[in-house]
Amino acid sequence: MSSALGSQLPNPAHLDADSMLARRFGKETVNYFGGSPLNRLSFLRSDHTFLSAAVKHPSTRFVLFQDLAPLITPARRLYLAKHAEVEALVPATAFDKSEEEAIRDYDSGVTRPDLIFLGVDEHAAPDAPEEPLLEWKTYRGRPFFALDVSERGDETQRTGAAELVKTLEAQGVTPWLSRHHTDFSPDEAAIFAQGRALLDWNRRNTFCGTCGHPTLAVNGGTKRACPPTDAALAAQSKSPERPPCSTRTTLSNLSFPRTDPTIIVATLSADGQRVLLGRGPRFPPHWYSTLAGFVEPGESVEDAVRREVWEEAGVGLGRVVIHSSQPWPYPANLMIGAIAQVADPALERISLEHDPELEDARWFPVEEVRRALVTGASALGEKPGPDYVEGSLRLPPPTAIAHQLIKAAVSGAYTSEKGKI
Ligand SMILES: [Zn+2]
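Just so we're clear, the structure is a prediction, and the values are computed from it rather than from any experiment.

The rules we used
- Residues numbered from 1 in each chain as written.
- Predicted model: local features only at pLDDT ≥ 70, side-chain atom pairs only at ≥ 80, totals over all residues.
- Heavy atoms only, no water.
- Helix = DSSP H or I, 4+ residues; strand = E, 2+ residues; numbered from the N terminus.
- Rg over C-alpha atoms; globule rule 2.2 N^0.38 Å.
- Contact = heavy atoms within 4.5 Å.
- Areas by Shrake-Rupley, 256 points an atom, 1.4 Å probe, with all protein chains shown as cover.
- Lys, Arg positive; Asp, Glu negative; His and termini not counted.
- Charge placed at Lys NZ, Arg CZ, Asp CG, Glu CD.
- Buried < 20%, exposed > 50% of the residue type's maximum accessible area, 1.4 Å probe, protein only.
- Polar contact = N/O pair within 3.5 Å; in protein donor to acceptor, adjacent residues only side chain to side chain.
- Donors = N, O, S within 2.8 Å, 3.2 Å for Na, K, Ca; no water.
- Tetrahedral: all angles 85-135°; square planar, octahedral: opposite > 155°, others 65-115°.
- Salt bridge = Lys/Arg side-chain N within 4 Å of Asp/Glu carboxyl O.
- Domains from an automatic or database assignment.
- Buried area = accessible area lost by both parts, 1.4 Å probe.
- Core = buried A, V, L, I, M, F, W, Y, C linked by side-chain atoms within 4.5 Å.
- Expected span 1.5 Å × (residues − 1).

Trainee: So what about the overall build of the chain? Which residues, and what values?
Mentor: Of regular secondary structure, the chain possesses 10 helices and 15 strands. Its C-alpha radius of gyration of 24 Å places the chain within 12% of the 22 Å reference for a compact globule of 421 residues. C-alpha atoms of the chain, sized along the principal axes, occupy 75 × 50 × 45 Å. By sequence separation, contacts in the chain at least 24 residues apart represent 69% of the contacts at least 6 residues apart. When the accessible surface of the chain is summed, it comes to about 20,600 Å², and 54% of that surface belongs to carbon and sulfur atoms. In the chain, 44 side chains carry a positive charge and 54 a negative one; their mean positions are 1 Å apart.

Shown next, in the form of structure tokens:
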């Protein structure tokens, strides 16, 4: 996963090419879990001949998850399995049927582990001469899949998963059990985020949200179909026909993965000299962060920002500017980061009496926040650096979009006339 630009697509993780927009607004902020090195080639997910070639290709790698925990090497890198290692779970014939054929032949009694086509790394170099990169039409690179190795499904699947995990454990490859996974390299983190979010979605949707019958993963694991027949019913001497279901005839958001938009905002005072931060009751002492909340149905991002800041802190906002975004795969959030400013000092008065979500909210002077970004930033549960002075402000780490928003808010770029947006 080198950062060199390939011929197909600029690597999104390293988008620093000059343009008029870049000169006006500055370099794009690529947040942790975003900026994937993979070209998702989403239009090829419906091409089973492509998936069939990719799944057994010698250059292909599988990112493994056990109960949504990624399997990692002793050096805490994502373990990347080859097809030969996972063949008991992923036969070479896994994608031999088209989507129509797979739906027609559906049998809920036979299960396969969730397998997601993540995309192709077009910047990869071959690991060995006998493992050339996959070439497909004009695309060339290393395909990536995510594979669920949890002990689930029918007996064949459970046995295959258990044996694979046992073999890998003997090599020191183990699941990384953690609430959050922020020690990966940026490239690994983006691949992990895509795999985790999609496996989680598949897992929550094994039954149709409309008719309640079992569903089948299709489209490289990014769609779940509600088949009209089930061979398992015929095996019980019943009619294989299932009841009618509207997901078969209309475009249904039940069939496709969800992404839940969430706003997160660094708020500046009317004079631009202070930043509004809040703390939840479970935060460590002296730890504050930006305010955040879910976007509601029928609400714009800007309205959601104004609503959340007023509900949680009683502060009235003027202009809201979208800064950057961050996928957050726990389970399916997209954090939309904004910088906002109070237009009238009379609306700066903090009140926690509306929504009691925060334990405290305060205006911090810009200078204090700048210092805390350097000395007081750390991951939750970890200690700040050696320059931290006990009792001073603590902030989220650089892998959190909150950190990037706070940094942007105190940079002056948003409040100086020169950098005015
Ligand atoms: Zn259904």
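Trainee: Provide a residue-level description of the side chain of S150, including the pertinent values.
Mentor: Relative to the helices and strands, S150 is located in the loop between β6 (139-148) and α5 (155-170). Residue class for S150 comes out buried when judged on its relative accessible area of 1%. Within the structure, the side chain of S150 is placed 2.5 Å from the side chain of D148, a separation counted as a polar contact. When sequence neighbours within four positions are dropped, the list of residues in contact with S150 reads F65, Q66, D67, A161 and R203.

Trainee: Account for the coordination of the zinc ion, naming residues and giving values.
Mentor: Taken together, C208 (SG), C211 (SG), C226 (SG) and C245 (SG) make up the protein donors of the zinc ion, found 2.3 to 2.4 Å from the metal. Geometry at the zinc ion is tetrahedral, judged from its four donor atoms and the angles of 95 to 116 degrees they form at the metal. Mapping the donors of the zinc ion onto the primary sequence yields the spacing C-x2-C-x14-C-x18-C. Of this pair, C208 sits in the loop between α6 (186-204) and β8 (216-218) while C226 sits in the loop between β9 (223-225) and α7 (231-235), and the two are 18 residues apart along the sequence. Just as C208 is buried, C226 falls in that class too.

Trainee: Please provide a residue-by-residue account of unusual backbone geometry, values included.
Mentor: In this model, Y330 is joined to P331 through a cis peptide bond whose omega is 0 degrees. In this structure, P331 sits in the loop between β13 (320-328) and β14 (333-341). Positioned with a positive phi, L68 is a non-glycine residue whose angle comes to about 70 degrees. Judged by its relative accessible area of 13%, L68 is buried.

Trainee: Explain the pattern of salt bridges to me, and be specific about the residues and the numbers.
Mentor: Tallied over the full model, the rule gives 24 salt bridges. Notably, a salt bridge pairs D67 with R203, separated by 3.1 Å at the nearest N-O pair. In this pair, D67 is assigned in the loop between β1 (61-66) and β2 (69-72) and R203 in helix α6, connecting sequence segments 136 residues apart. Classification of R203 as partly exposed rests on a relative accessible area of 25%. Residues R152 and D114 are paired through a salt bridge, measuring 3.7 Å at the closest nitrogen-oxygen approach. With R152 in the loop between β6 and α5 and D114 in the loop between α4 (99-104) and β4 (115-121), the pair connects residues that are 38 residues apart, well separated along the chain. Owing to a relative accessible area of 23%, R152 belongs among the partly exposed residues under this scheme. Residue classification places D114 among the buried residues on the basis of a relative accessible area of 10%.

Trainee: Go over the domain arrangement of the chain with me, naming the residues and quoting the values.
Mentor: For an interface, size is often stated in terms of accessible area lost upon the parts coming together. When its domains are assigned, the chain resolves into domain 1 (12-248) and domain 2 (260-409). Centre-to-centre separation of domain 1 and domain 2, based on C-alpha positions: 34 Å. Both sides together, the interface formed by domain 1 and domain 2 hides about 1,200 Å², and carbon and sulfur atoms give 61% of it. Taken as a group, T29, N31 and F33 account for 41% of the area that domain 1 buries against domain 2, more than any other trio of residues on that side. Linking domain 1 to domain 2 there are zero salt bridges.

Trainee: Explain the nonpolar core to me, and be specific about the residues and the numbers.
Mentor: Of all hydrophobic cores here, the largest spans 44 residues; its most connected members are F33, L118, F184, L277, V369, L393 and L395. Looking at this core, you find at least three residues from each of domain 1 (12-248) and domain 2 (260-409). Here L393 is in contact with L277, H286, Y288, F364, E368, V369, A372, G376 and Y388, once residues within four sequence places are set aside. Judged by nonpolar contacts, the second largest core, of 29 residues, contains L64, L115, V149 and V173.

Trainee: Describe in detail α5, supporting the description with residues and values.
Mentor: Under the 1.5 Å per step criterion, the end-to-end length of α5 is 23 Å for 16 residues, consistent within 8% with the ideal 22 Å. Positive backbone phi, approximately 85 degrees, marks G172, located one or two places after α5.

Trainee: So what's going on with the environment of A361? Which residues, and what values?
Mentor: Structurally, A361 is set in strand β15 (residues 360-365). The sequence separation of A361 and G109 amounts to 252 residues, and the corresponding C-alpha distance is 54 Å. Aside from chain neighbours lying at most four places away, what touches A361 is L276, L277, G278, A313, I350 and L352.

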